[in-house]
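Coordinate analysis (summary)
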Amino acid sequence: MTAKRQAIPRLSSKELLVLDLLANARPQYGLELVAASRGRLKRGTVYVTLGRMEDKGYVASRTEDAPAGAGGLPRRLYHATPFGLRVLKAWTTLLNHLAPEPAR
Amino acid sequence: MTIDHPLRRALARVCSADTMSRIVDPVLADMRWEDGRATLPGCASLAAALMLHGVISLPRWCAAVWSDDDHAMPRAAGLVAAAALVAGALLIAPSLSHPPYWTGMSFVSFAIVLAPQAFALSLPLAVIIAVPLALRRLRITARLIRRTLLLCGLVMAATYAVITWAMPNANQSFRVMVSRALGSRVVHVPRGVIETDWKTLRQQIRELRRTDNGRRAAAQLEYAYQSRVAVVVAAVPLGLAGLAISTWRFGRRRPVLTGAGVLIVYWALMAYEERTARALIAAGGLLPEYLCPWTPNAILLIASAAAILRSRQFLPPSPARSSPVA
């Protein structure tokens, strides 16, 4: 009987982009990520992507501290988790290894 | 954009707490941050996000519908199918017990051409038996109401498919077979009202209305058209009636008996509206006759909704008041 293999964490191109944007920055809002991605992330999909990434444990979120007396909805701040950063590092290394070398 | 914004309150009634905290609230907060109010681009991005979230969550949602409430929904769907089969068989049984052997048709082909017409009626009627039977041991929640209405929508779609594609052709086949068996030399058997498709029926009504002498015939066709639409839609008021039965103590104890009782009342209302419509068509123009087929549905819908609202079993703690922070 073979031992069940542990699933390798997968990263889609959008997830890779989000982790890349969050890796070396302070926690960001969805709209900030959309603006920073220069059109590669869309307003309509960014929160769905972030939600899936939160399920996978790549990012974590918290709501911003609302100023006293403010009645508006607080925004949600996202940051990369240590696990997400490890996955990003592994995928970046893998992609660098698999990238075709320029012809000499 | 506050927690009590009408858009958020409306979405909180249909979306789960998880969807609210992960999709709706962040997008609304962004809208507040950008413009301070609900803008068209913001609402468009919210709609896109909800649609994408819905598609991605579909497998998980289907699994939840399957297992939630002690498998109530698959049980209700199975019971609808079983009740439709039994009711359909009961409807064609009198004709099958004395099949016209002189037509040369076999028992099986006779059953096949009769079945679509029987199922067009038995499918919506099955809902009133199946829903109270499936939900009799459950407390009626808002989630059960939503899912039961979705099941009614599926029954509506199935009834529409039967009435649109199967019934007209099956009936016409029967007419052609009988015509041939009677030795008729008529090559083309004209289609009757039931055998005519929606589009042609609508066209006939328009053409008859243009003529001076065709108004009464147009009224009769309009009545037939509206009756057909009312049969398609009947699953919804009957489903709501099933939910209302599930909120009554007697309905929970005797779901089939209560369902059958409501069905008899519905049938009596249909017979009464048919008689009234005939009188209205004969009188010509007192009241629009096409309202008549909708009367039983409207009465059942209002009465059932009132009974469900009165029971207040389904009332959840107001989601709009819940914290936006999950």
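What you see as residue numbers is a count from 1 along each chain, following the sequence as written. All chains are assigned letters beginning with A, and all ligands numbers beginning with 1, in the order in which they are written. Where totals are concerned, whole chains, interfaces and linings use all residues; where local detail is concerned, this predicted model gives features only for residues with pLDDT of at least 70, and gives and counts side-chain atom pairs only at 80 or more. Just so you know, side-chain values use all the structure's heavy atoms and leave hydrogens and water out.

Helix and strand labels come from DSSP, where a helix needs a run of H or I of at least four residues and a strand needs a run of E of at least two; each type is numbered from the N terminus. The helix and strand tally for chain A stands at four helices and two strands. Mapped in sequence order, the helices and strands of chain A form the string α-α-α-β-β-α. Across the 104 residues that make up chain A, the buried fraction comes to 38%. Here, two residues are considered to be in contact whenever any of their heavy atoms come within 4.5 Å of each other. Within chain A, counting contacts between residues at least 6 apart in sequence, those at least 24 apart form 54% of the total. As presented, chain A carries roughly 6,900 Å² of accessible surface, and 55% of it is formed by carbon and sulfur atoms. Summary of the burial criterion: residues with accessible area below 20% of their type's maximum are buried, those above 50% are exposed, and those between are partly exposed, where the area comes from a 1.4 Å probe applied to protein chains only. Each accessible area is a Shrake-Rupley result for a 1.4 Å probe, and residues are judged covered by the shown protein chains and nothing else.

On to helix 3 (residues 43-56) of chain A, then. Its 14 residues place the ends of helix 3 of chain A 21 Å apart at the C-alpha level, agreeing with the 20 Å of an ideal helix rising 1.5 Å per residue. All buried positions along helix 3 of chain A are accounted for by Gly44, Val46, Tyr47, Val48, Thr49, Leu50, Gly51 and Met53 of chain A. Where helix 3 of chain A is buried, its residues meet helix 1 (13-23), helix 2 (30-36), strand 1 (59-63) and strand 2 (76-80) of chain A together with helix 2 (17-34) and helix 3 (40-97) of chain B. Downstream of helix 3 of chain A by a residue or two, Gly57 of chain A has a phi angle that is positive, lying close to 90°. To estimate the expected span of a helix, count its residues, drop one, and scale the result by 1.5 Å.

In this section: helix 4 (residues 82-98) of chain A. Residue and element names in this part refer to chain A. For helix 4, which comprises 17 residues, the first-to-last C-alpha distance of 24 Å matches the rise-based estimate of 24 Å (1.5 Å per residue) to within 8%. Among the residues making up helix 4, those that are buried are Gly84, Val87 and Leu88. All buried residues of helix 4 lie within an arc of 100° about the axis, which places them on one face of the element. Facing away from the buried side of helix 4 by over 90 degrees, the exposed positions are Pro82, Arg86, Lys89, Asn96 and His97. Taken together, the buried residues of helix 4 touch helix 1. The reported arc concerns the directions from the helix axis to the C-beta atoms and nothing else.

Residue and element names in this part refer to chain A. Among the five residues that make up strand 2, four are buried, leaving the element largely enclosed by the rest of the structure. When DSSP locates at least two bridges between a pair of strands, those strands are taken to pair. Relative to strand 2, strand 1 runs antiparallel, the two sharing five bridges. For Thr63, the partnering residue across the bridge sits in strand 2 and is Arg76.

Let us now look at the interface of chain B and chain A. If you look at the interface, chain B gives 27 residues, while chain A gives 19 residues. On the chain B side of the contact with chain A, Arg22, Asp30 and Trp33 of chain B bury the most area, a combined 28% of that side's loss. One side-chain nitrogen of Lys or Arg within 4 Å of one carboxyl oxygen of Asp or Glu is enough to make a salt bridge. Seen at the junction of chain B and chain A, the total is three salt bridges. With a closest N to O distance of 3.7 Å, Glu64 of chain A and Arg32 of chain B form a salt bridge. Pairs of N or O atoms within 3.5 Å make up the polar contacts considered here, provided that, within protein, one atom can donate a hydrogen while the other can accept it, and that residues adjacent in sequence are counted only when both atoms are side-chain atoms. Taken together, the links from chain B to chain A amount to six residue pairs in polar contact (both at pLDDT 80 or more). Every element with two or more residues in the side of chain B that touches chain A is listed here: helix 2 and helix 3 of chain B. It is helix 2 of chain B that provides the largest number of residues to the side of chain B that touches chain A, a total of twelve residues. When two parts are brought into contact, each loses some accessible area as probed by a 1.4 Å sphere; the total of that loss over both is the buried area.

Moving on: the packing of aromatic side chains. Between the rings of Phe, Tyr and Trp (Trp by its six-membered ring), a pair exists once the centres lie within 6.5 Å; its type follows the angle of the planes, with under 30 degrees stacked, over 60 edge-to-face, and the other angles tilted. A full pass over the atoms with the stated rule returns six aromatic pairs over all chains. When the ring of Tyr47 of chain A is compared with that of Tyr78 of chain A, the centres are 6.3 Å apart and the planes differ by 50°; the resulting orientation is tilted. In this pair, Tyr47 of chain A sits in helix 3 while Tyr78 of chain A sits in strand 2, placing the two residues 31 residues apart along the sequence. Across this residue pair, the class does not change: Tyr47 of chain A and Tyr78 of chain A are buried. Ring geometry for Tyr58 of chain A versus Phe83 of chain A: centroids 5.7 Å apart, planes at 35°, classification tilted. Pair noted here: Tyr58 of chain A is in the loop between helix 3 and strand 1 and Phe83 of chain A is in helix 4, with a separation of 25 residues, a long-range link. One aromatic cluster is present, built from ring pairs that chain together Tyr160, Trp165, Trp198 and Tyr225 of chain B. Above the plane of the ring of Tyr225 of chain B lies Arg202 of chain B, whose end atom (NZ or CZ) is 4.6 Å from the centre. As a reminder, the over-ring test applies to NZ of lysine and CZ of arginine, requiring each to be within 6 Å of the ring centre and within 35 degrees of the ring normal.

Residue and element names in this part refer to chain A. Comment: axis = line fitted to C-alpha atoms, over the contacting stretch for helices; angle = value between 0 and 180 degrees taken between N-to-C directions. Contact pair helix 1 / helix 4: the axes reach a minimum separation of 10 Å and the direction vectors enclose 115°. Our pair here, helix 1 against helix 4, has a crossing hand that is left-handed. Between helix 1 and helix 4, the contacting residues are Leu16, Leu19, Asp20 and Ala23 on the first element and Gly84, Leu85, Leu88, Trp91 and Leu95 on the second. Note on residue classes: Ala, Val, Leu, Ile, Met, Phe, Trp, Tyr, Cys and Pro are nonpolar, Asp, Glu, Lys and Arg are charged, and everything else, Gly too, is polar. Of the residues assigned to the contact of helix 1 with helix 4, the class counts are seven nonpolar, one polar and one charged. With the far helix as reference, a near helix turned anticlockwise by less than a right angle produces a left-handed crossing, and one turned clockwise produces a right-handed crossing.

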